[in-house]
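Observations on the three-dimensional arrangement
These are the residues of each chain, in order.
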Amino acid sequence: MDQPTAHDALKKLEPLVGQWRLTAIGADGVAWPDEGRASFEWHDSLTHLVQRTSLSVPGAPDAISIIGCDGANGTYYQLYSDERGVCRVFEMSIGDGEWRLWRDGAPFPQRFIRSFRDSGDRIVGRAEKAEDGTSFKLDFELIFTRLH
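We now turn to the structure provided with this report. Not measured: the values here are computed from a predicted model.

In this section: the packing of aromatic side chains. Using the criterion set out here, one finds six aromatic pairs in the structure. Taken together, a centroid distance of 6.4 Å and an interplanar angle of 85° make the contact between Tyr-80 and Phe-90 edge-to-face. Of this pair, Tyr-80 sits in strand β5 (residues 75-82) while Phe-90 sits in strand β6 (residues 87-95), and the two are ten residues apart along the sequence. With respect to class, Tyr-80 is no different from Phe-90; both count as buried. Members of the aromatic cluster, connected to one another through ring pairs, are Trp-20, Phe-40, Trp-99 and Phe-144.

By size, the foremost hydrophobic cluster in this structure holds 27 residues, and its most contacted members are Leu-13, Leu-16, Phe-40, Met-92, Ile-94, Trp-99 and Phe-144. For Met-92, the contacting residues outside a window of four places in its chain are Leu-13, Ile-67, Tyr-76, Tyr-77, Trp-99, Arg-100, Leu-101 and Trp-102.

Further remarks concern unusual backbone geometry. Phi is positive for Leu-46, which is not a glycine, with a value near 60°. Mapped onto the secondary structure, Leu-46 falls in the loop between β2 (36-42) and β3 (49-55).

Next up on the list: the environment of Thr-75. Locating Thr-75 in the fold gives a position in strand β5. The contacts of Thr-75, once residues within four sequence positions are left out, are Gly-68, Cys-69 and Asp-70. Among the polar contacts made by the side chain of Thr-75, one reaches the side chain of Asn-73 at a distance of 2.7 Å.

Another aspect to go through is the pattern of salt bridges. A full pass over the atoms with the stated rule returns six salt bridges. The salt bridge partner of Glu-35 is Arg-37, with a shortest N-O separation of 3.2 Å. The class for Glu-35 is partly exposed, based on a relative accessible area of 35%. Using a relative accessible area of 41% as the deciding quantity, one classes Arg-37 as partly exposed. With its nearest N and O atoms 3.4 Å apart, the salt bridge here joins Asp-121 to Arg-146. Residue Asp-121 is located in the loop between β8 (110-117) and β9 (122-127), and its partner Arg-146 is located in strand β10 (residues 140-146); the two are separated by 25 residues in the primary sequence. Using a relative accessible area of 18% as the deciding quantity, one classes Arg-146 as buried.

What counts, and where the lines are drawn
- Residues numbered from 1 in each chain as written.
- Predicted model: local features only at pLDDT ≥ 70, side-chain atom pairs only at ≥ 80, totals over all residues.
- Heavy atoms only, no water.
- Phe/Tyr/Trp six-rings, centres within 6.5 Å; stacked < 30°, edge-to-face > 60°.
- Helix = DSSP H or I, 4+ residues; strand = E, 2+ residues; numbered from the N terminus.
- Buried < 20%, exposed > 50% of the residue type's maximum accessible area, 1.4 Å probe, protein only.
- Core = buried A, V, L, I, M, F, W, Y, C linked by side-chain atoms within 4.5 Å.
- Contact = heavy atoms within 4.5 Å.
- Polar contact = N/O pair within 3.5 Å; in protein donor to acceptor, adjacent residues only side chain to side chain.
- Salt bridge = Lys/Arg side-chain N within 4 Å of Asp/Glu carboxyl O.

Below you can see the structure in the form of structure tokens.
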């Protein structure tokens, strides 16, 4: 039986690979005083992307995520966990200059949209309002800047 492979879907994750500086800008337009770091690297299997995130903002947890796809239909998922013991599964899409993450589970739905800018060295994102008007508890813009 001839089954599709994940090759094409995994290639869409390539723009994320690397080291990134994270800065956040609050709803008031003022940048938070500290910044963080994110890294995306291929797992040894070359079929999953490992994301590690660390923010030096009080109360912001260090996190790790595993990103993968269903090669048969090209859908993506992110398994998120952080040092608070929080574990979540996000659906994900990537392509055409956008990277989206969403979940509809309790205790609250979360939706994030991130856009690749310029030459792919910047990703600008924020929480997106859900259809029912709710959004993530914090209102801020998160900017990923690739470190060279």
